[in-house]
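Here is what each chain is made of, one letter per residue.
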Amino acid sequence: MRTPALTTSSDGFLLHDEPFRIISGAMHYFRIHPDLWADRLRKARLMGLNTVETYVPWNLHQPDPEGPLVLDGLLDLPRYLDLAKAEGLHVLLRPGPYICAEWDGGGLPAWLTSDPDIRLRTSDPRFTDAFDRYLDILLPPLLPHMAAAGGSIIAVQVENEYGAYGDDTAYLKHVEQALRSRGVEELLFTCDQAASPKHLAAGSLPGVLSTATFGGKVEESLRKLREHQPEGPLMCSEFWIGWFDHWGGPHHARSAEDAAADLDRLLSAGASVNIYMFHGGTNFAFTNGANHHHTYAPTITSYDYDAALTESGDPGPKYHAFREVIARHAAVPEEAAPAPSPKLPLTTVELDRRAPLLPHAETLGEPVVKAENPLTMDELGQHSGYALYRTTLPEAGDGLLHFSGGVGDRAQVFVDGAPVGVLERERREESLPVRVPHAGATLDVLVENMGGVNYGPRIGSPKGLLGPVTFNGTALHGWDCHRLPLAGDLDAVPFAPADTTPITVPAFHHGTFEVETPADTFLALPGWTKGQAWINGFHLGRYWSRGPQQTLYVPGPVLRPGTNELVLLELHATTAPRARLTDTPDLGPVNP
Ligand code: GLA
């Protein structure tokens, strides 16, 4: 093996044998529209960063265990690495297998996590073999981008905060060897939470650099890392300068002064740093994860993170404060700091065509699966989106509908097409009183996967209806399970002109608007309740009046000059069939 470009001395890094300090920022290519990658990378360099860091999401790159690697559009990692190199930036690569990152399933593919027998993130060969097969196809296109081959990648992370999860050192060793045996010669490192010496110990490997994750208590955290690893560079591999939000929770923010003061402490201590996040981006489509610490808590669509660059790529207060701090410790480009990008003029969109979902589930979904008892989404071979379960209620009368095993994650219940209630996993709801008007009434249950748990032991917990359903204690049999992944285009939606009667059932709504010059904008949906939004077929993600987030980021490249199309899937109702495109994001009230 050749000597890697990046090596370590007793107290720091060397790059090609010269002392080097990593001043890095996290930014996930898969959370940024690919037409904006170059812009974000340039802004990273202008802030004074010499390196950018990214995870690699296994679940998106290998959605099918037998299928090819997906490496296009938002997933064209080689192109992103080329752009980083063109900007003169080094790259820290974190290929998992597990990435956490508030990402669906922590980046582990659902086809793997849905097998309850596989012991995830252990040396269980069913897990390691799957990862090995993935590396077999992932690494060949990446090896030319390693520093050894003249590329930008100077270091590669082994697993992610493994010490917070397990202590199977043989497994960590396997991940290390899997990378090495496939040609990765660069410096390898692990990362673990500085707050816990136990985590640092369990997540480390002899011969692999330990780094720490923390957001404050800088001196204490660095001391703990030093106690754990007496020699070598001190590196904060995730310096948390903001935080993410859950639906129904507060919007997290951290003051620029406070974060900049801690960055200064880190750099003054001679440490290397990866700012998490330099630019957070967006959980487009169905990609957000969830936490489940006592209760299930899905992450919102925005991954703004109160980062240095806002979700729309504009320099926020932290950008300028960090640039000043970095300039005290390293050379910062002399070019002026970037200005905010132009925004689209305020625009109103009338949604004047619509199509109810339930009557068209057959046309919009994939072929119906018939089953005695409801199948989970995983059993239906579907890993995101919605599933609609339909059966008949044999008896009339008042009674209790009981979902044994609960719902994953939110179920809307309809009798003869009329909404009768909602059950939420986060509220541990499993039963609903209903009135059945006549024997043979149709029961519909529309279930939404709100995002796969990405941290802790509940990764892979199932979605859809999770067990038999009873009415007054009698099991309901004979289910039609409609898969509604809503992943392709929505051309099959049979839109018709909307009349003025408001509707209170799930429906697609369609409107058009004119654009002169495409630019970033934010979709505001006052009066709407909960659903999904697409512009020109690009799936912006989930909206929910529960907040905190009230607008969805629309990247300029999604728009085109002339007529543009907005489609909403509204699951409940709206006060007016109208949306607004505004120039200011609204991520909700900040926590006190
Ligand atoms: C940990 C993980 C990251 C991310 C942050 C919180 O440090 O390693 O992937 O989840 O927490 O944002």
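Residues numbered from 1 in each chain as written. Predicted model: local features only at pLDDT ≥ 70, side-chain atom pairs only at ≥ 80, totals over all residues. Heavy atoms only, no water.

## Description of the pattern of salt bridges
Logical step 1: Applying the stated criterion across every chain yields a total of 32 salt bridges.
Logical step 2: In this structure, Arg94 engages Glu53 in a salt bridge whose closest nitrogen and oxygen atoms are separated by 2.8 Å. One end of the pair, Arg94, is in strand β6 (residues 90–94); the other, Glu53, is in strand β5 (residues 51–55), and 41 residues separate them in sequence.
Logical step 3: Arg435 is the salt-bridge partner of Asp398, the closest N and O atoms lying 2.6 Å from each other. Residue Asp398 is located in strand β17 (residues 397–403), and its partner Arg435 is located in strand β21 (residues 431–436); the two are separated by 37 residues in the primary sequence. (Salt bridge = Lys/Arg side-chain N within 4 Å of Asp/Glu carboxyl O. Helix = DSSP H or I, 4+ residues; strand = E, 2+ residues; numbered from the N terminus.)

## Observations concerning the UniProt feature "domain: Glycoside hydrolase 35 catalytic" (unreviewed entry) in the protein
Logical step 1: When the UniProt feature table is mapped onto this chain numbering, "domain: Glycoside hydrolase 35 catalytic" (unreviewed entry) sits at residues 13–327.
Logical step 2: What you have in residues 13–327 is 32% helix and 19% strand, and the ends, taken at the C-alpha atoms, are 20 Å apart. (UniProt positions renumbered as here; feature names shortened; annotations may be inferred.)

## With respect to the sheet that holds strand β10 (residues 235–240)
Logical step 1: Spatially, β4-β5-β6-β7-β8-β9-β10-β11 is the arrangement adopted by the eight strands of the closed barrel, whose pairing is parallel. The sheet shows a mean angle of 30° between the axes of neighbouring strands, direction not considered.
Logical step 2: Each of β9 (209–214) and β10 touches helix α8 (residues 218–228); the most contacted strand, β9, lies at about 155° to it. (Pairing = 2+ DSSP bridges. Axes fitted to C-alpha atoms, helices over the stretch in contact; angles between N-to-C directions. Contact = heavy atoms within 4.5 Å.)

## Things to note about the site of the ligand
Logical step 1: Around the ligand sit 14 residues in total, of which Tyr55, Ala101, Glu102, Glu238 and Tyr305 are the nearest.
Logical step 2: Here an oxygen atom of the ligand sits 2.9 Å away from a polar atom, N or O, in the side chain of Glu161.
Logical step 3: Per-class residue counts for the shell around the ligand are 10 nonpolar, one polar and three charged. (Near = heavy atom within 4 Å. Polar contact = N/O pair within 3.5 Å; in protein donor to acceptor, adjacent residues only side chain to side chain. Nonpolar A, V, L, I, M, F, W, Y, C, P; charged D, E, K, R; others polar.)

## Let's talk about the side chain of Asp409
Logical step 1: Tracing the chain through its elements places Asp409 in the loop between β18 (407–408) and β19 (410–415).
Logical step 2: Owing to a relative accessible area of 2%, Asp409 belongs among the buried residues under this scheme.
Logical step 3: At 2.8 Å, the side chain of Asp409 forms a polar contact with the side chain of Lys463.
Logical step 4: The residues contacting Asp409, other than those within four sequence positions of it, are Tyr296, Leu423, Glu424, Arg425, Val447, Glu448, Asn449, Met450, Gly451 and Lys463. (Buried < 20%, exposed > 50% of the residue type's maximum accessible area, 1.4 Å probe, protein only.)

## Some words on the packing of aromatic side chains
Logical step 1: One pass over the full model with this rule turns up 25 aromatic pairs.
Logical step 2: Aromatic side chains Trp58 and Trp111 sit 6.0 Å apart centroid to centroid with 85° between the ring planes, which places their arrangement in the edge-to-face category. Within this pair, whereas Trp58 is found in helix α2 (residues 58–61), its partner Trp111 is found in helix α4 (residues 110–113), the two being separated by 53 residues in sequence.
Logical step 3: You can call Trp111 buried: its relative accessible area is 19%.
Logical step 4: With a centroid separation of 6.3 Å and 50° between ring planes, the pair formed by Tyr162 and Tyr165 is classed as tilted.
Logical step 5: Relative accessible area serves as the criterion here: at 31%, Tyr165 is assigned to the partly exposed category.
Logical step 6: Through successive ring pairs, a cluster of aromatic residues spans Trp58, Trp111, Phe127, Phe131, Tyr134, Tyr162, Tyr165 and Tyr171. (Phe/Tyr/Trp six-rings, centres within 6.5 Å; stacked < 30°, edge-to-face > 60°.)

## A few points about the packing of helix α1 (residues 37–47) against helix α3 (residues 77–86)
In helix packing, the relevant descriptors are the interaxial angle and the interaxial distance, both defined with respect to the helix axes.
Logical step 1: Following both chains from N to C, one finds α1 and α3 inclined at 35°, their axes separated by 9 Å at the closest point. Every pair of crossing elements has a handedness; the one defined by α1 and α3 is right-handed. The residues of α3 that touch α1, namely those facing Trp37, Ala38 and Leu41, are Arg79, Tyr80, Leu83 and Ala84.
Logical step 2: Taken together, the residues that form the contact of α1 with α3 break down as six nonpolar, no polar and one charged. (Left-handed = near helix turned anticlockwise from the far one by under 90°.)

## Describing the sheet that holds strand β26 (residues 474–475)
Logical step 1: A sheet is described by the order of its strands in space; here four strands give the open sequence β21-β17-β25-β26, paired in antiparallel fashion. The open sheet terminates on both sides in strands that have one partner only, identified here as β21 and β26.

## A word on unusual backbone geometry
Logical step 1: With an omega of 10°, the peptide bond running from Gly408 to Asp409 counts as cis.
Logical step 2: Here the amide bond leading from Gly547 into Pro548 is cis, since omega sits at 10°, within 30 degrees of zero.
Logical step 3: Position of Pro548 among the secondary structure elements: in the loop between β32 (538–544) and β33 (551–554).
Logical step 4: Not every positive phi belongs to a glycine, and His16 is a case in point at roughly 45°.

## Quick look at the UniProt feature "domain: Beta-galactosidase galactose-binding" (unreviewed entry) in the protein
Logical step 1: Annotation from UniProt places "domain: Beta-galactosidase galactose-binding" (unreviewed entry) at residues 506–564.
Logical step 2: The span residues 506–564 is 0% helix and 56% strand, and its two end C-alpha atoms sit 23 Å from each other.

## Examining the layout of surface pockets
Logical step 1: Of the volumes computed, that of the largest pocket is approximately 1,100 Å³.
Logical step 2: Every residue lining the largest pocket is counted, 40 residues in all, and those nearest its centre are Leu60, Phe286, Thr287, Ser384 and Ala487.
Logical step 3: Only α2, α4, β23 (452–453) and β32 provide two or more residues apiece to the lining of the largest pocket.
Logical step 4: Counting residues per element, the lining of the largest pocket draws most heavily on α4, which supplies three residues.
Logical step 5: Grouping the amino acids of the lining of the largest pocket by side-chain chemistry returns 19 nonpolar, 16 polar and five charged. (1 Å grid on protein atoms, 1.4 Å probe; cavity = no way out; pocket = protein on both sides within 12 Å on 5 of 7 lines; lining within 4 Å. Points joined across faces, edges and corners; volume = space filled by probe spheres on them.)

## Some remarks on helix α9 (residues 256–268)
Logical step 1: With 13 residues, α9 ought to run about 18 Å at 1.5 Å a step, and its terminal C-alpha atoms sit 18 Å apart, in line with that.
Logical step 2: Along α9, the residues that are buried comprise Ala256, Ala259, Ala260, Asp262, Leu263, Asp264, Leu266 and Leu267.
Logical step 3: Against β4 (23–27), β9, α8, β10, β11 (272–279) and α10 (317–329) lie the buried residues of α9.
Logical step 4: Looking one or two places after α9, you find Gly270, whose phi comes out positive at around 85°. (Expected span 1.5 Å × (residues − 1).)

## A few points about the pairing of β4
Logical step 1: Across the five residues that make up β4, a large majority, five, are buried.
Logical step 2: The side-chain alternation of β4 yields two buried faces, one formed by Ile23, Gly25 and Met27 and the other by Ser24 and Ala26.
Logical step 3: Relative to β11, β4 runs parallel, the two sharing four bridges. For Met27, the partnering residue across the bridge sits in β11 and is His279.
Logical step 4: Relative to β5, β4 runs parallel, the two sharing three bridges. Its bridge partner being in β5, Gly25 is matched across the sheet by Val52.

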